[in-house]
Structure formats: structure tokens, C-alpha cells
Amino acid sequence: MKTMCGLLTAMLLLTSCLKSDDDSKSSLSNDTAIIAFSVGDMNKYTYSTSSTGETVATKTTVKGSDYVFSIDEDNHHIFNADSLPVGTDVKHVVCSVSSLNNGVVLIKSLASDSLFYFTASDSLDFSRPREFFVYASDGTGPKSYTVQLNVHQEEGEQFCWIQHANSEEIASLEAMKAVMLNKSIYVYGTKGGKTVGYKTMDGKTWTPLTEINDKDAYQNMVVMQDDAIYMIADGSLQKTTDGITWKVITNDVDVKRLIAASYTELYAYNDKNKIMFSFDKGETWIEDEWDEDFSWLPTEELAYVCVPLRMTAYADYILLAGISPAIGSVASVWRKIVEYDLQGLLEDKWVYMERTDDNLLGLPQLKNLILLAYDDGVLAFGEEDNKFSPIYQSRDNGITWKKNTRYRLPDQFKGNVASFAATTDGKEIWLVSGGTGEVWQGHLNRLAWEEQE
């Protein structure tokens, strides 16, 4: 404690001198606190293996000014809510500390109870939380603060899968489709000549839903966001908000298959495979517009996504894909912009995403196609050559599709290519399979961090 005693002696001498020089010009306070904390730039190390098997370290810089530190005065805790990147060297950190009323700041040693005068030029070890003390200018105190530098333990761009216990309910389904509604996962599929459904919020407990006599009804299912699940079953259009109670909208259905939904409209094929839309939740249907021969529209292995249009808050972007007999080896991909309050400024019809000689990155024709809106893009996968396809990603609203090795199905996934489904809430991706009953939950680390924050 010699270091601390010396510091306190110096503080008292300073106080005495100030008082004797001119009490009218110096005012010492008994109130102080740490009111600001920041860190300087830090080194970040990334390790890789060379072609010769040697470990290679790459050093980059993390800008300390990009990270804001919060001060919890109730608990005297100082921390960064936005964690530093994995690999940041926090053993050699230069920081800045400001105190109220010129309080004197000291820091406790990691090796003992000794206190040292804090200087902004010192490089400090923050691999463990550090304890700072602040004394008032009149020598009273101290107040102690715990300073913690949070560092991510995972790479933000890494995609991770977690396997839940297999579900006997999911295993019993012969074919299936999954959707999200109000934070719950709904899985419907064929079982015993009927459409059977289960729902869960955590992937662990599955609640049985009302059975539907039409075994193909699950293929006729779309979700109007934050509203209801819509389905055509036994010739009637129905909807549910909980999977238990179904309300018949009409028994006189003008359409034969539901294909998509925006936040306000439903879309379906009529008996001529032309797209119809309903703006009143299925009560009435009107023939929609498209820019090419409607025979190019996908009629098999259909999937869709609907997301808010990035350029405005007053429109949705729908992507519809599948297989069309009129198109060769690539999938038929169409998009529609649904505007709400733009007075016709955007083209409000179905547009074919044409493949050209300059665009060789079309979406392949996949069976059991799944589209997922994820991380400001669209992911697509399905069955290809009797096995699971790679996961393709489109970053340009469905124009081009590239294999992205960041996204891939779990290495241990033994799912049935004829009976699997996936859905997402934008943060977590849920993957299930009939036969095996596997239930997987996956996420991009960066998106999971955003959810936690």
C-alpha cells in the first residue's frame, strides 16, 4: 500500500497548498465520479493456416472511437454494450478517463491491492475487469468502478447451427411446409391422408394443431404477415391465427392455389394458371398484371418471400420462384412491388427476372424449393439430383444467385430430401425433417448479437 499512501500524501499536500495560497480562488469539492471512459485504437489478430501447415497471424486495427462505453452509476459499472470483434488484443489498451470536479483517478493492480495513479499514456491489461478508484479534490472518497471490455467470442460472419431433440411429431410427417406467425413456428404436412400441423416457439415443445381432411392443403398455405395463415382446403378458402380455430372465408373459391402474400394482399392461380390477387383478404379476386407470357410463370415447386422494399417504407417486394415447363434448365423467378401510398410511382405488376447471356447466375430448378429472406438477401435451397442442394444467395433481389459457403446445412443433418421444411424470423433459421424428426436452429452470429443487444 506504499504507492497508495504516497499518492494520498501528495493529494493532501496539494490540498493544503491550494487552501493557503488563496481560499477565494480555489474551491475544493467532496463530490466526484467517473463521467466518461473511452479507449484508443487496438490491434486485432486473425489466424489462418498456410499451404505448408503453418499458422499465420494477420494484424488489423480496431478503431476504439467506434465503441461507446456506458457508465452505470447505480452499480458503478463501466462497459461497452457493442462488443469488440473477436481477436481484439485487450491486454494492451490505452484509455481515457474523465472525472467530475477534477477528481483524482487511480487503478488497482492486477497482481495485488496496490493502487496506481492513472495516466492516459499507459497501456493497460483489460483481459479481466479492472477496478478504478476516484478521489474527490478535497481528498475524500474513494468511489470504485469496475471497468469491463466486452469482446465477442465468435466471428460475426460465422453461421452456427444448434440441434434440438428430435421430434416424434415432425418425424411422422411425409411431406411438409413451415411458416412463421407471431413468433411461433408452424409446420404442416401429410399424415394418414390428412394435413396435420404442429407449432412451437422454442423447437422443443410441439403443440398439435387442428387436422385438415385435405392431404394437399399444406401446399396451399401462405402467411399474411402478423395477421393469419391462409389455406385452401377441401375447396374452401380458410384462415387461422392460432392453428386451432379455422374461419371459412368462402366456399365458392375463384382460385385453385395460393402462391404468395404481401402485408395486405393475397395471390393465387386460377384454373388457367393466371395470377389473381385479393385486397380484401380473400373475399374477392381480380386478375393481376404481368409483363411476359403467363405460361412462363412457375407452376411446380413454388416458393415465395415477401419483404419491405428497401427504398421506401410504403411498399413490399415479393419474389416468386419455381419450375415452369416453358423455361429450360433454370428456375422461373418473378417479382412484384406492392405499393401502398406512392400513387403509382412504382411498377405494380409481376416482372419476369429474365436470364441473358450476360447473366449466367440463374437459380437452378430445385425440387421442394425453399426461399428465405435473410440478412438483406434471399437464400434458396432444395433437392437437386436426389440430394440436398447447396444454399444459393441473391443479394440483388432475385436477379443473380450464387453459392455462398457461409450458409450450408448442418454437417450432421440426415434429413429426408422428400420431406423437409425451413422458415425464419429474420434472425433465426429453423430446419425440420420428416422421417428423422430432426429440429435445427441456426443463425448468423452478427444477427444474433443484434437481437441480444
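The present account deals with the structure reproduced in this document. (Residues numbered from 1 in each chain as written. Predicted model: local features only at pLDDT ≥ 70, side-chain atom pairs only at ≥ 80, totals over all residues. Heavy atoms only, no water.)

## Describing a negative patch on the surface
- A surface patch of like charges, here negative, comprises Asp-291, Glu-292, Asp-293 and Glu-354.
- Tracing the chain through its elements places Glu-292 in the loop between strand 24 (286-287) and strand 25 (300-308).
- Taking relative accessible area as the criterion, Glu-292 reaches 32% and is therefore assigned partly exposed. (Patch = residues over 30% accessible without salt bridge, like charges linked within 9 Å, V, L, I, M, F, W, Y side chains within 5 Å. Areas by Shrake-Rupley, 256 points an atom, 1.4 Å probe, with all protein chains shown as cover. Salt bridge = Lys/Arg side-chain N within 4 Å of Asp/Glu carboxyl O. Lys, Arg positive; Asp, Glu negative; His and termini not counted. Charge placed at Lys NZ, Arg CZ, Asp CG, Glu CD. Helix = DSSP H or I, 4+ residues; strand = E, 2+ residues; numbered from the N terminus. Buried < 20%, exposed > 50% of the residue type's maximum accessible area, 1.4 Å probe, protein only.)

## Here we look at the packing of aromatic side chains
- One pass over the full model with this rule turns up 16 aromatic pairs.
- A ring pair is formed by Trp-334 and Tyr-352, whose centres lie 5.3 Å apart and whose planes are at 50°; its orientation type is tilted. A residue pair is termed long-range when its members are at least 10 positions apart, and Trp-334 in strand 27 (residues 332-339) and Tyr-352 in strand 28 (residues 351-352) qualify at 18 residues.
- A relative accessible area of 0% means that Trp-334 is categorised as buried.
- Judged by relative accessible area, Tyr-352 falls into the buried class, the value being 10%.
- Sitting over the ring of Phe-277, Lys-336 keeps its end group 5.1 Å from the ring centre. (Phe/Tyr/Trp six-rings, centres within 6.5 Å; stacked < 30°, edge-to-face > 60°. Lys NZ or Arg CZ within 6 Å of the ring centre and 35° of its normal.)

## Quick look at the nonpolar core
- Core analysis: the largest hydrophobic core is formed by 33 residues, its most contacted members being Tyr-230, Leu-258, Ile-259, Tyr-267, Ile-275, Trp-285 and Trp-350.
- Elements represented by at least two residues in this core include exactly strand 17 (221-224), strand 18 (228-233), strand 21 (257-261), strand 22 (266-269), strand 23 (275-278), strand 25, strand 26 (315-323) and strand 27.
- The contacts of Ile-259, once residues within four sequence positions are left out, are Val-222, Tyr-267, Ala-268, Tyr-269, Ile-275, Leu-302, Tyr-304 and Leu-320.
- Among the nonpolar cores identified, the runner-up in size contains 24 residues, and Ala-33, Ile-78, Val-97 and Val-105 belong to it. (Core = buried A, V, L, I, M, F, W, Y, C linked by side-chain atoms within 4.5 Å. Contact = heavy atoms within 4.5 Å.)

## A short note on a nonpolar patch on the surface
- The grouping of Tyr-263, Tyr-314 and Tyr-340 at the surface amounts to a nonpolar patch, some 290 Å² of accessible area in total.
- Positionally, Tyr-340 belongs in the loop between strand 27 and strand 28.
- With relative accessibility at 34%, the residue Tyr-340 sits in the partly exposed group.

## Some words on unusual backbone geometry
- Of note, the amide linkage connecting Gly-141 to Pro-142 takes the cis form, showing an omega dihedral of 5°.
- Structurally, Pro-142 can be placed in the loop between strand 10 (130-135) and strand 11 (143-148).
- A positive phi angle, near 65°, is found at Asn-386, a position not held by glycine.
- Of note in the backbone geometry, Asn-397 takes a positive phi value of approximately 65° without being a glycine.
- Assignment of secondary structure puts Asn-397 in the loop between strand 32 (392-394) and strand 33 (402-403).
- Judged by its relative accessible area of 32%, Asn-397 is partly exposed.

## Looking at the pairing of strand 19 (residues 236-240)
- Counting buried residues along strand 19, five of its five residues qualify, which places the element largely inside the surrounding structure.
- Pairing geometry for strand 18 and strand 19, over five bridges, is antiparallel. Across the sheet, the residue bridging to Ile-232 is Leu-237, located in strand 19.
- In this structure, the hairpin formed by strand 18 and strand 19 is closed by a connection of two residues, where Asp-234 is found at a positive phi of approximately 50°.
- In this structure, strand 19 lies alongside strand 20 (residues 246-250), joined through four bridges in antiparallel fashion. (Pairing = 2+ DSSP bridges.)

## A word on the sheet that holds strand 17
- Strand order across the open sheet formed by four strands is 17-18-19-20, with antiparallel pairing between neighbours. Only two strands of the sheet have a single neighbouring strand rather than two, namely strand 17 and strand 20. Here the strands of the sheet are splayed against their neighbours by 30° on average, with no regard to which way each runs. (Axes fitted to C-alpha atoms, helices over the stretch in contact; angles between N-to-C directions.)

## Considering the pattern of salt bridges
- Following the criterion strictly, the structure yields nine salt bridges and no others.
- Where Lys-194 meets Glu-211, a salt bridge forms, and the shortest distance between an N and an O atom there is 3.3 Å. Of this pair, Lys-194 sits in strand 15 (residues 194-200) while Glu-211 sits in the loop between strand 16 (207-208) and strand 17, placing them 17 residues apart in sequence.
- Residue classification places Lys-194 among the partly exposed residues on the basis of a relative accessible area of 30%.
- Ionic contacts of the salt-bridge type, sharing partners, join the residues Lys-108, Asp-113 and Glu-131 into one network.

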